[in-house]
Amino acid sequence: MAIVLSDDRVSKHEFKQPDKIKVDSLAVSFGDKNILSDVSLNFKENKVTAIMGPSGCGKTVLLRSLNRMHDLNNSSKISGSVFLDSTNLYSDSFDQYLHRQKIGMVFQKPNPFPTMSIYDNVVAGLKLNGLRDKDRLDTIAERSLKMAYLWDEVKDRLHVNALELSGGQQQRLCIARALAVKPEVLLMDEPTSALDPLSTVMIEDSIRELKKDMTVVIVTHNLEQAKRVSDYVVFMYLGKVVEHGEINQMFNHPKKELTKKYLSGAFS
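First things first, this report covers the structure right here in the doc.

**Considering the sheet that holds strand S2 (residues 33-44)**
Stage number 1. Ordered in space as S2-S1-S4-S5, the four strands form an open sheet in which the pairing is antiparallel. One side of each edge strand has no neighbouring strand; the edge strands of this open sheet are S2 and strand S5 (87-88).
Stage number 2. Bridge count between strand S4 (residues 76-84) and S5: two bridges; the pairing is antiparallel. The residue of S5 that forms the bridge with Leu84 is Thr87.

Take a look at the structure:
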């Protein structure tokens, strides 16, 4: 069945959309194990790109490379370039503190700060950056929780411990926390894989809205989810990008035989 794109989805005339992130000849290894090899691709500004592929293909490693999270692993070795606009994130002179503000991250499992309230979780990054004005913090907290489709559920209990929320609510809280610092890019690593269907719908609704203000890159193992939320798709296999393109072309007219097999469910 062909995919019918809504009015705000990418069309065949939209390939001039600016690139927000450019990956050039990226390779990542941990110790003696090569994970990514010669990965080159672009992520469009104010679009949702889904990274798909079988388990162990390097999806999450690629996603974390966009936020320099592998710097925390002493065994990691990275070569190639990742550009945010015109700045190489892997340049020796790059300001990692500024980078963390521009690229937010939401993980597979919700990870609210366990000793903090709902409110304090949302504004934690702002306070770390020196913002102390309560009215400003209140405004940003409300806006961020609304963007994460959580405000109506928590507005009367903002000061209870975040761990009192359900799993789906905790994940939306983590999205709100990432949004509070107004990132230019939001990275999401299978953000709904452990959630119930209703929570999944809410987060997918949020993703579709977020691209109005930022670029979103999501790792997902769920092909139907990729169809629902993404404008572009990247298919990976054994640490390499096999094919990438806009959603209609990738699902309805894939160019590579391996892509066709994966999308048909021949392997997962």
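Okay, back to it.
**Quick look at unusual backbone geometry**
Stage number 1. A positive phi angle, close to 55 degrees, is found at Ser25, a residue other than glycine.
Stage number 2. Relative to the helices and strands, Ser25 resides in strand S1 (residues 19-30).

**Considerations on the nonpolar core**
Stage number 1. Counting 44 residues, the largest nonpolar core has Leu145, Leu173, Ile175, Leu186, Met188 and Ile207 as the members making the most contacts within it.
Stage number 2. Ignoring any residue separated from it by four or fewer positions in sequence, one finds Leu173 in contact with Pro112, Ile118, Asn121, Val122, Leu145, Leu150, Ala162 and Leu165.
Stage number 3. In terms of nonpolar packing, the next biggest core, distinct from the first, is built from 29 residues, Ile21, Leu84, Met105 and Leu187 among them.

About the thresholds
Residues numbered from 1 in each chain as written. Predicted model: local features only at pLDDT ≥ 70, side-chain atom pairs only at ≥ 80, totals over all residues. Heavy atoms only, no water. Pairing = 2+ DSSP bridges. Helix = DSSP H or I, 4+ residues; strand = E, 2+ residues; numbered from the N terminus. Core = buried A, V, L, I, M, F, W, Y, C linked by side-chain atoms within 4.5 Å. Buried < 20%, exposed > 50% of the residue type's maximum accessible area, 1.4 Å probe, protein only. Contact = heavy atoms within 4.5 Å.

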